[in-house]
Amino acid sequence: MALLQISEPGQSAAPHQHRLAAGIDLGTTNSLIATVRSGIAKTLPDIEGHHLLPSIVHYAKDAAPQVGYTAKAQANVDPLNTIASVKRLMGRGLKDVKTTGTRLPYNFIENEGQGMPMIRTIVGDRSPVQISADIINTLKQRAEETLGGELTGVVITVPAYFDDAQRQATKDAATLTGLNVLRLLNEPTAAAVAYGLDKGAEGVHAIYDLGGGTFDISILRLQRGVFEVMATAGDSALGGDDFDRAIAQWIMQQAQIADDAEHSHIRELLDVARTAKETLTTQDTAPLEIRLEDGTVWQGELSREQLNELIDPLIQKTIIPCRRTLRDAGLTSDDINEVVMVGGSTRMPRVRQKIGEFFKRTPHVDIDPDKVVAIGAAIQADILAGNKPDDDMLLLDVIPLSLGIETMGGLVEKIIPRNTTIPVARGQDFTTFKDGQTAMAIHVVQGERELVMDCRSLAHFELRSIPPMVAGAARIRVTYQVDADGLLNVAAKEETSGVHSQITVKPSYGLQDSEIERMLKESLEHAQDDVAARALREQQVEADRVINALRAAIKADGHLLLKHPEFLEINAALNDLLKVEQGDDARAIKKAIERVDEVTQEFAARRMDASIRQAMKGHRIDEFTEK
Amino acid sequence: MKTEMSLNHFEIFELPISFDINKDTLAQRYRDIQRAVHPDKYANAPDRERRLAMQKTAQINEAFQTLKNPLTRARYLLQLQGIDENDAMMDSEFLMTQMELREELADIKQKRQPIEALNAFLNRTEKQMQSLTDKLSQQFAQQNWQAARETVSQFQFFTRLHEEALRLEEELI
């Protein structure tokens with residue numbers, strides 16, 4: 001049993017215990033985990049000193065999955081059970097995967113009734129979410145071993161241009177490992193945090209983030225600790241992988257290798273292509289050597305000029321979103337103070353040159369482009385975990401793609417346009433098309449195009465039991481709500497009649513909640529944990545939050561904002577919660593929490609209003625003194 | 001006690017109800033309030049408070065977006081007066097001009113130098129929108145709601161036209 005701690009007389013225990021929190025950059029090619037220790041955010045290495053964890057998972061019979069370098073070593077030997085670049089499959093359907101270009105060397109299984117494809121491996125069919133969870137789990141273990149404790153929460157980064165399905169899939173993957181996700185953070189915003197805090201930068205910044213498989217451009221305004229995203233754009237299927245493929249295709253032409261070469265052979269070709277690309281970052285030419293299927297060896301050379309010719313069209317593809325973000329932000333390239341390069345692919349001299357030309361200034365590359373996102377995420381995680389209560393950093397992010405609804409004729413009516421600051425809630429009224437219509441099909445889509453077929457379908461659901469009325473008489477309010485993670489909730493409600501029919505859906509392209517629960521159970525069983533114990537712990541943690549928050553609130557504002565009977569009622573509910581909190585009845589704790597919630601609802605609303613008035617008052621003093 | 005939920009968008013930022021607003025003051029106050037209510041400030045709070053923070057922030061965002069943009073600000077002012085801007089009758093001369101402008105936009109693709117032609121078109125549209133903004137400022141100052149309603153409808157036409165021109169720009173580049 002652990003020894004109980006007793007503090008020195010006259011001193012209370014540490015007023016604020018440091019909570020272990022981390023930032024995770026789940027990349028297409030490499031993943032990282034970082035944390036803030038002694039005020040400095042750093043990425044954590046594995047026992048061999050590697051900071052990067054290759055995002056590759058190898059499955060073998062009767063063994064735990066291998067992740068990282070050990071898996072990478074299996075890529076050519078056992079290609080069908082070695083999954084790389086799984087980020088490209090997150091929240092995507094098989095059709096999307098096929099249209100993203102070149103074939104991926106795996107055995108895909110169409111998933112019945114659901115969009116996300118499964119990959120057939122020796123240990124069974126695995127979804128991209130599960131494979132990503134294996135990567136996150138490795139990072140989680142690394143952090144917990146290094147830090148010597150359980151992580152209380154993580155911030156996971158996603159490409160800014162990820163749509164709702166891709167974001168949800170990423171969050172699901174983290175949930176599968178049992179981690180508490182404090183926030184999904186956009187990668188360029190994370191980079192801006194790391195960079196901005198490091199350099200004390202102010203002004204308008206363009207963050208150009210070209211990774212292994214995704215591209216983002218974000219324009220941010222940095223002002224006194226506020227990071228305000230003005231516009232973002234990108235391509236969630238464009239990155240260094242595509243450069244490798246372009247080079248590999250050129251080699252295939254040169255060496256006269258047939259298009260239908262074997263999986264392992266294509267893997268090898270891609271490796272050669274990648275090595276050549278990396279060599280050309282510092283050299284003018286790169287030697288090529290390929291073992292052909294007939295056993296002979298083909299030798300060649302790739303020059304920097306040839307490479308530039310191959311990749312220029314891909315770089316050009318990134319310029320278009322750059323132009324669009326400037327437009328959306330209402331700016332020209334002259335308004336940009338700094339350009340920051342993020343992502344491994346920005347190591348290529350040609351990328352730096354072309355982007356420098358477009359923005360008319362030399363891009364910054366001073367923070368390691370591989371680590372900067374994880375570092376920014378760690379800084380945000382540290383703040384969200386409550387380790388820096390006085391920090392005034394604030395991130396105001398946007399949704400990257402418009403959210404809409406299908407209307408008559410397969411057209412899209414936009415409900416929330418792209419680049420709207422989140423969180424946001426917006427409603428629109430619709431009506432029935434036929435007399436006596438009692439149900440309405442609601443189709444939620446994401447994208448910029450006018451036709452439903454050209455947009456991303458996020459969810460289909462039906463609002464039923466609308467009372468029969470003449471066409472056009474019903475008033476159905478559809479509300480879209482996007483939270484601070486960029487995740488969508490949709491609610492529909494018939495408002496004319498007394499009978500309210502209502503439905504709320506969370507579009508989940510990847511997994512159903514029940515499925516996550518099942519998989520979580522399985523993974524926990526694997527870790528020999530107990531589901532009931534976990535549920536109890538969750539309730540205890542929440543009870544703790546409620547108690548601490550309420551005590552602090554009463555201490556700060558109780559005398560101002562609570563009438564005496566209200567105070568007594570709240571106090572009684574709080575005492576009831578305190579009585580059950582340490583017990584082992586999860587349901588009793590939950591009930592007590594709900595009771596506290598109920599009696600403090602008004603108090604919480606008053607406090608928030610008071611904090612707004614306080615913020616405004618502080619401001620008026622500012623204005624006064626400035627004059 | 002009047003709760004913040006029932007405040008109108010101008011009251012939230014303690015600004016006078018007017019079409020002419022100080023954008024810097026608005027932006028500054030928006031950021032100050034965000035610092036107090038943003039969900040990131042409640043990451044460790046109980047569930048219910050986190051939800052409340054999200055709702056409140058969404059409301060503040062909505063108010064800010066509405067007031068920031070002259071067209072949505074004008075529509076909101078009309079709404080506060082109980083005027084439905086959709087009822088406005090469009091002057092047929094204005095509609096004819098709009099049709100001509102749309103034809104002109106559709107023809108730009110076939111031009112020898114479409115990008116230059118489009119830029120000129122965009123500049124003209126933006127100028128029109130600026131002069132409509134000036135017009136609204138006068139009409140609201142004179143409390144001439146009916147005239148403002150018509151200008152808002154015209155503004156709406158130009159905004160759509162401008163959006164279409166931008167879509168064409170994306171196609172051309």
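Residues numbered from 1 in each chain as written. Chains lettered and ligands numbered in written order. Predicted model: local features only at pLDDT ≥ 70, side-chain atom pairs only at ≥ 80, totals over all residues. Heavy atoms only, no water.

To continue, consider the overall build of chain B. Each helix and strand counted, chain B has 7 helices and 0 strands in total. Sequence-ordered secondary structure for chain B, helices as α and strands as β, is α-α-α-α-α-α-α. Whereas a compact globule of 173 residues would reach a radius of gyration of roughly 16 Å, chain B reaches 20 Å, over 25% beyond that. Overall, chain B is about 60 × 40 × 25 Å in size when its C-alpha atoms are taken along their principal axes. Scored against the burial criterion, the 173 residues of chain B give a buried share of 50%. Across chain B, the fraction of contacts at a sequence separation of at least 24, relative to all contacts at a separation of at least 6, is 67%. Accessible surface for chain B amounts to roughly 9100 Å². Of this, 48% is attributable to carbon and sulfur atoms. Averaged over its 23 positive side-chain charges, chain B has a centre that lies 5 Å from the centre of its 28 negative ones. (Helix = DSSP H or I, 4+ residues; strand = E, 2+ residues; numbered from the N terminus. Rg over C-alpha atoms; globule rule 2.2 N^0.38 Å. Buried < 20%, exposed > 50% of the residue type's maximum accessible area, 1.4 Å probe, protein only. Contact = heavy atoms within 4.5 Å. Areas by Shrake-Rupley, 256 points an atom, 1.4 Å probe, with all protein chains shown as cover. Lys, Arg positive; Asp, Glu negative; His and termini not counted. Charge placed at Lys NZ, Arg CZ, Asp CG, Glu CD.)

On to the packing of helix H4 (residues 70-80) of chain B against helix H7 (residues 145-172) of chain B, then. Residue and element names in this part refer to chain B. Closest axis-to-axis distance for the H4/H7 pair is 10 Å, and the angle between their directions is 145 degrees. Here the hand of the crossing between H4 and H7 comes out left-handed. Listed contacts from H7 to Pro70, Leu71, Ala74, Arg75 and Leu78 of H4 are Trp145, Ala148, Arg149, Val152, Phe155, Gln156 and Thr159. For the contact of H4 with H7, the class distribution of residues is 8 nonpolar, 2 polar and 2 charged. (Axes fitted to C-alpha atoms, helices over the stretch in contact; angles between N-to-C directions. Left-handed = near helix turned anticlockwise from the far one by under 90°. Nonpolar A, V, L, I, M, F, W, Y, C, P; charged D, E, K, R; others polar.)

Turning next to helix H6 (residues 240-255) of chain A. Compared with an ideal rise of 1.5 Å per residue, which puts 16 residues at 22 Å, H6(A) spans 22 Å between its outermost C-alpha atoms and is within 8% of the ideal. Burial runs high along H6(A): 13 of the 16 residues are buried. (Expected span 1.5 Å × (residues − 1).)

What follows concerns the confidence of the model for chain A. Regions with low pLDDT should not have their predicted coordinates read in detail. All names here are of chain A. Overall, the predicted model of chain A reaches an average pLDDT of 85, with 87% of residues at or above 70. Contacts of residues 4-15 to residues separated by more than four positions or lying in other chains number 2 contacts, the stretch itself having pLDDT below 50. Predicted confidence is poor over residues 621-627, with pLDDT under 50, and the contacts of this stretch with residues over four places away or in other chains come to 2 contacts. (pLDDT = per-residue confidence, 0-100.)

All names here are of chain A. This structure, assessed with the given rule, holds 46 salt bridges over all chains. Across the pair Glu542 and Arg545 runs a salt bridge whose closest N-O atoms are separated by 3.0 Å. In this pair, Glu542 and Arg545 both sit in helix H12 (residues 531-561), 3 residues apart, roughly one turn of the helix. Beyond isolated ion pairs, a larger network of salt bridges with shared partners links Arg88, Asp241, Asp242, Asp244, Arg245, Arg274 and Lys277. (Salt bridge = Lys/Arg side-chain N within 4 Å of Asp/Glu carboxyl O.)

Turning next to the sheet that holds strand S18 (residues 338-342) of chain A. Residue and element names in this part refer to chain A. The mixed open sheet is built from 5 strands, whose spatial order is S18-S13-S14-S15-S19. Strand pairing shows two members of the sheet lacking a second neighbour, S18 and strand S19 (394-396), which therefore form its edges. Each adjacent strand pair in this sheet contributes to an overall mean axis angle of 25 degrees, direction not counted. The pairing of strand S14 (residues 215-223) with strand S15 (residues 226-235) spans 9 bridges and is antiparallel. Paired with Phe215 across the two strands is Asp235, which belongs to S15. With respect to the sheet, helix H5 (residues 187-199) is in contact with strand S13 (203-210), S14, S15, S18 and S19, its orientation differing from that of S14 by roughly 40 degrees. (Pairing = 2+ DSSP bridges.)

Residue and element names in this part refer to chain B. Counted under the stated rule, the structure contains 8 aromatic pairs over all chains. Seen in terms of ring centroids, Phe10 and Tyr76 are 6.1 Å apart; in terms of plane orientation they differ by 35 degrees. Their pairing is tilted. Highlighted residues: Phe10 in helix H1 (residues 9-12) and Tyr76 in helix H4, separated in sequence by 66 residues. For the residue pair Phe10 and Tyr76, the accessibility class agrees, reading buried in each case. An aromatic cluster is defined as three or more aromatic residues linked by ring pairs; in this entry it consists of Phe19, Phe140 and Trp145. The ring of Phe19 has Arg73 sitting right over it, with the charged end atom 4.6 Å from the ring centre. (Phe/Tyr/Trp six-rings, centres within 6.5 Å; stacked < 30°, edge-to-face > 60°. Lys NZ or Arg CZ within 6 Å of the ring centre and 35° of its normal.)

This next bit is on the pairing of strand S17 (residues 297-303) of chain A. Of the strand pairs in this sheet, strand S16 (residues 285-291) of chain A and S17(A) are connected by 7 bridges, and their pairing is antiparallel. By the bridge assignment, Arg291(A) is partnered in S17(A) with Val297(A).

Before going further, it helps to spend a moment on the interface of chain B and chain A. The interface of chain B with chain A comprises 47 residues on the first partner and 52 residues on the second. Of the roughly 4400 Å² buried where chain B meets chain A, counting both sides, 53% is carbon and sulfur surface. For Arg167(B), the salt bridge is made with Glu450(A), and the minimal N-O distance between the two is 3.2 Å. At the junction of chain B and chain A, the tally comes to 19 residue pairs in polar contact (both at pLDDT 80 or more). Listing elements by their share of the side of chain B that touches chain A, those giving two or more residues are helix H2 (23-37), helix H3 (47-68), helix H6 (114-141) and H7 of chain B. Top element by residues in the side of chain B that touches chain A is H3(B). It accounts for 14 residues. (Buried area = accessible area lost by both parts, 1.4 Å probe. Polar contact = N/O pair within 3.5 Å; in protein donor to acceptor, adjacent residues only side chain to side chain.)

All names here are of chain A. The N-to-C vectors of H5 and helix H10 (residues 372-384) enclose an angle of 80 degrees; their axes lie 7 Å apart at closest approach. Comparing their axes, H10 and H5 come out roughly perpendicular. Mapping the contact onto sequence places Glu187, Ala190, Ala191, Val193, Ala194 and Leu197 in H5 and Val372, Val373, Ile375, Gly376, Ala377 and Ile379 in H10. In terms of residue class, the contact of H5 with H10 is built from 10 nonpolar, 1 polar and 1 charged. (Parallel < 35°, antiparallel > 145°, perpendicular 65-115°, else oblique.)

Looking now at the side chain of Thr600(A). With respect to the element layout, Thr600(A) can be found in helix H14 (residues 586-626). By relative accessible area, Thr600(A) is classed as buried at 4%. Within the structure, the side chain of Thr600(A) is placed 2.7 Å from the backbone oxygen of Val596(A), a separation counted as a polar contact. Within the structure, Thr600(A) has its side chain in polar contact with the side chain of Arg48(B) (distance 2.9 Å).

Let us now look at the sheet that holds strand S8 (residues 108-109) of chain A. All names here are of chain A. Across the sheet, 3 strands lie side by side as S8-S9-S10; this open sheet has antiparallel pairing. With partners counted over all chains shown, the strands left at the sheet margins are S8 and strand S10 (124-126), one partner each. Sheet topology places strand S9 (residues 118-121) next to S10; 3 bridges connect them, and they run antiparallel. The partner of Arg120 across the bridge, within S10, is Asp125. Along the sheet, helix H3 (residues 128-147) makes contact with S9 and S10, crossing S10 at roughly 85 degrees.

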